[in-house]
Amino acid sequence: MVETRANAFQSSNQSSQAPVQTRPETPKILVEAKNICQSYRTGSGETGPMVLDHVSLTLHEGEIIGLLGRSGSGKSSLLRIISGLVQPAAGSLTYLGEPVTGPVDGVAIVFQSFALFPWLSVLANVELGLRARKVGREEARARALKAIDLIGLDGFESAYPKELSGGMRQRVGFARALVVDPNILLMDEPFSALDVLTAETLRTDLLDLWVESRLPIKSILMVTHNIEEAVLMCNRIVVLSSNPGRISAEIPVTLPHPRNRLDPEFRQLVDKIYALMTKRPEPAPPGREPVQPTHTLAMSLPIISTNTLAGMIEEIAADPYNGSAPLPELADSLQMEIDDLFPVGETLQLLHFAELGDGAIRLTPQGLRFADEEVDVRKQLFGAHLLAHVPLAAHIKAVLDERQNHRARASRFLEELEDYMSDDYAEQTLKSVINWGRYGELFAYDENSATFSLEDPH
Amino acid sequence: MFSRFVSFAYLDRGVRPNPYDFAAFILLLSAFVALAYGSRGLTLPLSAPEATAITLDYAALPYYALRTTLRMFAAMGASLVFTFIYATLAAKSRRAELVLIPLLDILQSVPILGFLSFTVTFFLQLFPGSMLGAECAAVFAIFTSQAWNMAFSFYQSLRNLPRDLVEVSNGFHLSPWQKFWQLETPFAMPSLIWNMMMSMSGGWFFVVASEAISVGNTTIKLPGIGSYLAQAIEMRRIDAVVAAVATMAIVILLYDQFLFRPLVVFGGKFRVELSASQTKEHSWVADLFSRTRWLSAIMTVPVEFLSSLALLRLEPGFLRPKATDKHEHPSRVLDLLWISVLALGSLLALRYVIAFIGNNLTFDDIRESVILTSFTMIRVIVLMVLATIVWVPVGVYIGLRPTLAEKVQPLTQFLAAFPANVVFPIAVVLIVRYQLNPDIWLSFLIIFGTQWYILFNVIAGTTAFPNDLKEAARAFGIKGWHWWISVILPGIFPYYVTGALTASGGSWNAAIVAEYVKWGDVTIAAHGIGAYISEATVAGDYPRIVLGVGVMAIFVILFNRLLWRPLFGLAERRLRLD
């Protein structure tokens, strides 16, 4: 045990001095994706807005790439396309120079939800991929045990997933992926379902194995929405912008392993990425304007409670931020990852209560006023902003005002939304508007009859 | 010799069979013997005297019980095969789904017992002169009572496979055959087992009803408890009826212990929830088999064989798993063509049925059958209301007392599985003795076997009612009428609807046997579509059977669509407590 630790230290030291030079000068290309496009299906079954818009990505031997983006940036779609599980709408994809038409043999995936078969024991879960490929029983058993040993699961071979903690389950996920000797390991937010301590242990264990070259894999591609995680683990971070997903930046990370989160260089990099991600979206390059004409209703809204919005405004208005908060610090103090933080910030921006930019969030004068006021005034203010800046809310209100009985069925608006987005997003958007509209007292909504109306029941 | 004995004693303890081995071995052996013994009489010629003669000797009851049980298992096997094929086809092919799922929905609502006469004639012609035809007809009747909900549950499981597990399977290149055994079947297992159990419970009713049947001039009595009962009714032997009831009770108890419980324990393994469940199912039979040493060792051979069978790729090499292509447009033209073929087919079938009925029946017959079905419907509704008024308070009372609930729940499940038609003769004797009005008193038989579904679902619902809500209600002093209306009734509503739906479906079917009962040469009939169908069956009047069953099926479908489905929607949307 002590010996391996010493070895680990040594080898990580070695690679820390020359992390790039140890790899060949022109690293071999494993996967090459060119101009990948993918679209949503709208509710009516037509091709809807784009999820991925001409994304190109090359995966070289010996690198860990992080795909960083918010929800809606299509990072998971991109991962599934690269694995061959999903076919892109357009673009070309090659693996070792060969075009990809189905699930690729040399690729294994680790899932956020672990995706273990609950009816199989740990050993059987790990063996499954081998047995399905007609590897003999003896050999499969031996290789599975080796992978289990490598990933630190010995002693748990006969356990069932439901007996294990989240961290142990994800270790099974890793063992299962590694046992088939893949060239590429794809990871879809592998640590985000784990608690902070467990996630950190798993990250460092994986990094140790990688740095010591004890893994059979040649490259790792991971999807994450945790900026620090990306900086901690990756050689290259690809930032995707949302709606549609485009590559907005590629950032090489040359810090040696093991990386220290408190290292000023590390912090700088994190801040830089926050700033990049809060940059106003650039207009689409000429010739690639969105196919769908941008309509005011074509804006999907995240499900965010008004309490969260109010709480965020208060947090930013109060000490120590006094109206302007750097996002990395805010994320740290609130324990929010960018998947939670950005939608809140963007909604506040949409409602003109705050502005995002340079990796910080600043309250507008109205935002500061909101923070100062009592509940009733807050609701009034919120309602006014909702009406002014969320076209869907204004549309619903206009329809209700127009009608004699001041009532309208929800299905009508849902159908309108479904022209622009998928069923799920349409439903989510309408739900958000209902909640926000209720809080702003713009309109009332009755769940039973699924109708909007102007008055609340007396 | 001595040294050998000593060396034997030195053998590793792990190699010797343990006591559990002996017990399990005895159980297995007796199962095989019973199987061999029971299947002996299957292929006798129909004219053989011992084929149809039913003796009322109590000593014959175990043999009859065995035959009845075997019929039940044969039907279950057929239902499983049907489920795997039908549901898989429906889940995998969109065009097949268009036909198969609505068809299944209708089949679920058709009163199966009404069609007994057709199936008996059909199978008798298939195996002329042999008992096998009659056996098949009985098995088929049980099959039709078991298969639909199993197929439906399997189909729904297949449509709701967890996406990440599907992706793992595709990523590992599992072939369709491997995926079926590694992912789809295990995932569907818990709900399939639950539906198998419900089907088995319902099946006892049909096995009793379908063993002794007379269509026109043909009377068939297959050796079994149902025939024994029919014979007892004919001979007016109340003691034999009681003996049949007792035997049935024992059979159901045994099958609960030896099959139900081990199956539930087995199915628990396949639940997808990733936390260990709080309520652990237990079965001494399952424990016994898992503790055996030799038997477990021997069993690894077939288990290994089966699991490698499940891992065969079974596919030609060119059929590699393809990436899911979201952009593939299903051909609209082919769809249209397919739908028009279907529409044409059903139109032709409808014309054929109308011609069949129209040649023999007049408009008055249709009117009569509609009126009679309305009578039966009123009966079902009134009795459902009565059962609700009685069993909901009782169920809540029991459910609020966990220790009591634990004791009562197995009893209600037993009562739900118990074929109510076995006790019908006792009710008939009472009606005859006290000169009661059959239109009122026979009605109770309709709900007799099915009311327990309401009770045990209400108990389950009350037990599952969150404790903090109970405490909140108590803390705010919500009592009496108010407590029922705003606390417990909405809380148990989803459970109640599930139970009531099952009870209502069963009641329609029960109406066919419950509205027309015999005791010796006395026949008591109530006004209703059930009696209409039964009379037509005895008379061998096929057009009237078709008409009766058809009208009844339409009523049941409307009943389900207009009443139960909206209630289910309400329960799902508004009253779920999770």
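Residues numbered from 1 in each chain as written. Chains lettered and ligands numbered in written order. Predicted model: local features only at pLDDT ≥ 70, side-chain atom pairs only at ≥ 80, totals over all residues.

Enquirer: Help me understand the overall build of chain A, please; the structure alone is not making it clear to me.
Expert: Helix and strand counts for chain A stand at 16 helices and 16 strands. Here chain A holds 458 residues, and the buried ones make up 41% of them. Sequence-distant contacts, at least 24 apart, represent 71% of the contacts inside chain A between residues at least 6 apart. (Helix = DSSP H or I, 4+ residues; strand = E, 2+ residues; numbered from the N terminus. Buried ≥ 20, exposed ≤ 12 C-beta atoms within 10 Å, placed from the backbone. Contact = placed C-beta atoms within 7 Å.)

Enquirer: Could you clarify how one ought to interpret the overall build of chain B in this entry?
Expert: On a plain count of helices and strands, chain B comes out with 24 helices and four strands. When each of the 578 residues of chain B is scored for burial, the buried share is 37%. Taking as baseline every contact in chain B between residues at least 6 positions apart, the subset at least 24 positions apart corresponds to 80%.

Enquirer: In this structure, what is going on with the domain arrangement of chain B? I would like to understand it.
Expert: Accessible area lost upon the coming together of the parts is a frequently used measure of interface size. Residue and element names in this part refer to chain B. Along its sequence, chain B is organised into domain 1 (12-41 + 283-314), domain 2 (51-277) and domain 3 (361-578). Distance from the C-alpha centre of domain 2 to the C-alpha centre of domain 3: 21 Å. At the interface, 31 residues of domain 2 touch 33 residues of domain 3. Broken down by secondary-structure element, the contributors of at least two residues to the side of domain 2 that touches domain 3 are helix H5 (94-109), helix H6 (116-126), helix H9 (176-211), strand E1 (212-215), helix H10 (225-234) and helix H11 (238-268). Ranked by residues supplied to the side of domain 2 that touches domain 3, first place goes to H11 with eight residues. Partitioning the side of domain 2 that touches domain 3 into residue classes produces 21 nonpolar, seven polar and three charged. (Domains from an automatic or database assignment. Nonpolar A, V, L, I, M, F, W, Y, C, P; charged D, E, K, R; others polar.)

Enquirer: Looking at this structure, I do not really get the packing of helix H4 (residues 61-92) of chain B against H9(B). What am I missing?
Expert: For any two helices packed against each other, one specifies the inter-axial angle together with the distance between the axes. Residue and element names in this part refer to chain B. Orientation of H4 relative to H9, taken along the N-to-C sense of each, is 135°, at an axis distance of 10 Å. When the interaxial angle is binned, H4 and H9 end up oblique. Like other packed secondary-structure pairs, H4 and H9 cross with a definite hand, here right-handed. Only Met-196, Ser-199, Met-200, Gly-203 and Val-207 of H9 make contact with H4, whose side of the interface consists of Thr-68, Arg-71, Met-72, Ala-75, Met-76 and Ser-79. Class assignment of the residues belonging to the contact of H4 with H9 gives a composition of six nonpolar, four polar and one charged. (Axes fitted to C-alpha atoms, helices over the stretch in contact; angles between N-to-C directions. Parallel < 35°, antiparallel > 145°, perpendicular 65-115°, else oblique. Left-handed = near helix turned anticlockwise from the far one by under 90°.)

Enquirer: What is the right way to look at the nonpolar core in this model?
Expert: The nonpolar side chains of a soluble globular protein tend to be buried with one another. Within the largest apolar cluster, 254 residues are counted, with the highest numbers of intra-cluster contacts made by Leu67(A), Ala175(A), Leu221(A) and Leu229(B). Counting residues per element, this core draws most heavily on helix H7 (residues 131-159) of chain B, which supplies 17 residues. (Core = buried A, V, L, I, M, F, W, Y, C linked by C-beta atoms within 7 Å.)

Enquirer: Is there a simple way to think about the pairing of strand E6 (residues 107-110) of chain A in this case?
Expert: Every other side chain in a regular strand lies on the same face of the sheet, so the side chains alternate between the two faces. Residue and element names in this part refer to chain A. Alternating positions in E6 separate into two faces, Val-107 and Ile-109 on one and Ala-108 and Val-110 on the other, with burial throughout. Inspection of the sheet shows E6 paired to strand E7 (residues 184-188) by four bridges, in the parallel sense. The residue of E7 that forms the bridge with Ala-108 is Leu-185. (Pairing = 2+ DSSP bridges.)

Enquirer: Quick question: what am I supposed to make of the confidence of the model for chain B here?
Expert: Regions with low pLDDT should not have their predicted coordinates read in detail. Residues and elements named next belong to chain B. Chain-level statistics for chain B give a pLDDT mean of 81 and a share of 89% at 70 or above. Scored below 50 in pLDDT, residues 274-278 shows seven contacts in the model against residues more than four places distant or in partner chains. Per-residue pLDDT stays below 50 along residues 317-321; that stretch engages in five contacts with residues further than four places along the chain or on separate chains. ipTM for the predicted complex: 0.74, alongside a pTM of 0.79. (pLDDT = per-residue confidence, 0-100.)

Enquirer: Before we go on, may I ask you to explain helix H8 (residues 264-277) of chain A in this structure?
Expert: Every α-helical turn comprises 3.6 residues, leaving residues that sit three or four positions apart pointing alike. Residues and elements named next belong to chain A. Counted at 1.5 Å a residue, the expected span for H8 with its 14 residues is 20 Å, and the 20 Å between its end C-alpha atoms agrees. All buried positions along H8 are accounted for by Leu-269, Val-270, Ile-273, Tyr-274 and Met-277. Viewed along the axis of H8, the buried residues span an arc of 140°, placing them on a single side of the element. Along H8, the residues that are exposed and aim more than 90 degrees away from the buried face are Pro-264 and Gln-268. Those residues of H8 that are buried lie in contact with helix H7 (227-233), strand E9 (236-241), strand E10 (246-252) and helix H10 (327-334). (Expected span 1.5 Å × (residues − 1). Arc of directions from axis to C-beta.)

Enquirer: Looking at this model, I keep getting lost on unusual backbone geometry. Mind explaining?
Expert: Across residues other than glycine, the phi torsion is negative in most instances, and most of the peptide bonds are trans. Residues and elements named next belong to chain A. With an omega dihedral of -5°, the bond running from His-257 to Pro-258 counts as a cis peptide bond. When you line up the elements, Pro-258 lands in the loop between E10 and H8. Cis rather than trans, the peptide bond between Asp-319 and Pro-320 has omega equal to -5°. By the secondary structure assignment, Pro-320 is in the loop between helix H9 (306-317) and strand E11 (324-326). Positive phi is not limited to glycine here, since Asn-322 has a value of about 50°. One can find Asn-322 in the loop between H9 and E11. Residue Asn-322 is classed as exposed on the basis of its C-beta count, with 11 C-beta atoms lying within 10 Å.

Enquirer: Can you help me understand the domain arrangement of chain A in this one?
Expert: All names here are of chain A. Each assigned domain of chain A is listed with its residue range as follows: domain 1 (2-106 + 182-277) and domain 2 (306-453). Summarising the inter-unit geometry, the C-alpha centres of domain 1 and domain 2 are found 33 Å apart. Each side of the interface is counted separately: domain 1 has 16 residues, and domain 2 has 15 residues. Broken down by secondary-structure element, the contributors of at least two residues to the side of domain 1 that touches domain 2 are strand E1 (29-41), strand E2 (47-60) and H8. When residues in the side of domain 1 that touches domain 2 are grouped by element, the largest group, four residues, is from H8. Taken together, the residues of the side of domain 1 that touches domain 2 break down into six nonpolar, seven polar and three charged.

Enquirer: How should the environment of Phe370(A) be read in this particular structure?
Expert: Residue and element names in this part refer to chain A. Positionally, Phe-370 belongs in helix H12 (residues 365-372). According to the C-beta neighbour criterion, Phe-370 is buried, with 24 such atoms within 10 Å. Considering only alpha carbons, one finds Phe-370 and Glu-314, 56 residues apart in sequence, at a separation of 8.5 Å. Filtering out sequence-adjacent residues up to four positions away, Phe-370 remains in contact with Ile-313, Phe-353, Arg-378 and Leu-381.

Enquirer: Looking at this model, I keep getting lost on the environment of Leu311(B). Mind explaining?
Expert: Tracing the sequence through the fold places Leu311(B) in the loop between helix H13 (294-310) and helix H14 (332-360). Considered as a pair, Leu311(B) and Asn170(B) are 141 residues apart in the sequence and their alpha carbons are 14 Å apart. Beyond its immediate sequence surroundings of up to four residues, Leu311(B) is in contact with Arg131(A), Ala132(A) and Gln178(B).

Enquirer: Quick question: what am I supposed to make of the sheet that holds E6(A) here?
Expert: Backbone hydrogen bonds hold the strands of a sheet together, and the pairing may be parallel or antiparallel. Residue and element names in this part refer to chain A. Read across the open sheet, the six strands follow the order E6-E7-E8-E3-E9-E10; overall the sheet is mixed. Both edges of this open sheet fall to E6 and E10, since each of them pairs with a single strand only. Taking each pair of neighbouring strands and ignoring which way they run, the sheet shows an average axis angle of 20°. Direction of pairing for strand E3 (residues 64-68) relative to E9: parallel, over a ladder of four bridges. The partner of Ile-65 across the bridge, within E9, is Arg-236. Its contacts with the sheet put H8 on E9 and E10, and the angle it makes with E9 is roughly 20°.

Enquirer: Quick question: what am I supposed to make of the pairing of strand E4 (residues 522-525) of chain B here?
Expert: Relative to E4(B), strand E3 (residues 516-519) of chain B runs antiparallel, the two being bridged by four bridges. Its bridge partner being in E4(B), Trp519(B) is matched across the sheet by Val522(B).

Enquirer: Looking at this structure, I do not really get the sheet that holds strand E13 (residues 360-363) of chain A. What am I missing?
Expert: All names here are of chain A. Taking strand neighbours across the sheet as the criterion, the three strands line up as E11-E13-E12 in an open arrangement whose pairing is antiparallel. Each of the sheet's edge strands pairs with one partner strand only, and the pair in question is E11 and strand E12 (354-357). The mean angle between the axes of side-by-side strands here comes to 15°, regardless of whether they run parallel or antiparallel. Its contacts with the sheet place H9 against E11, E12 and E13, and it is angled at close to 95° to E13. On top of the sheet, helix H11 (residues 338-350) reaches E12 and E13; it is set at about 125° to E12, its chief contact.

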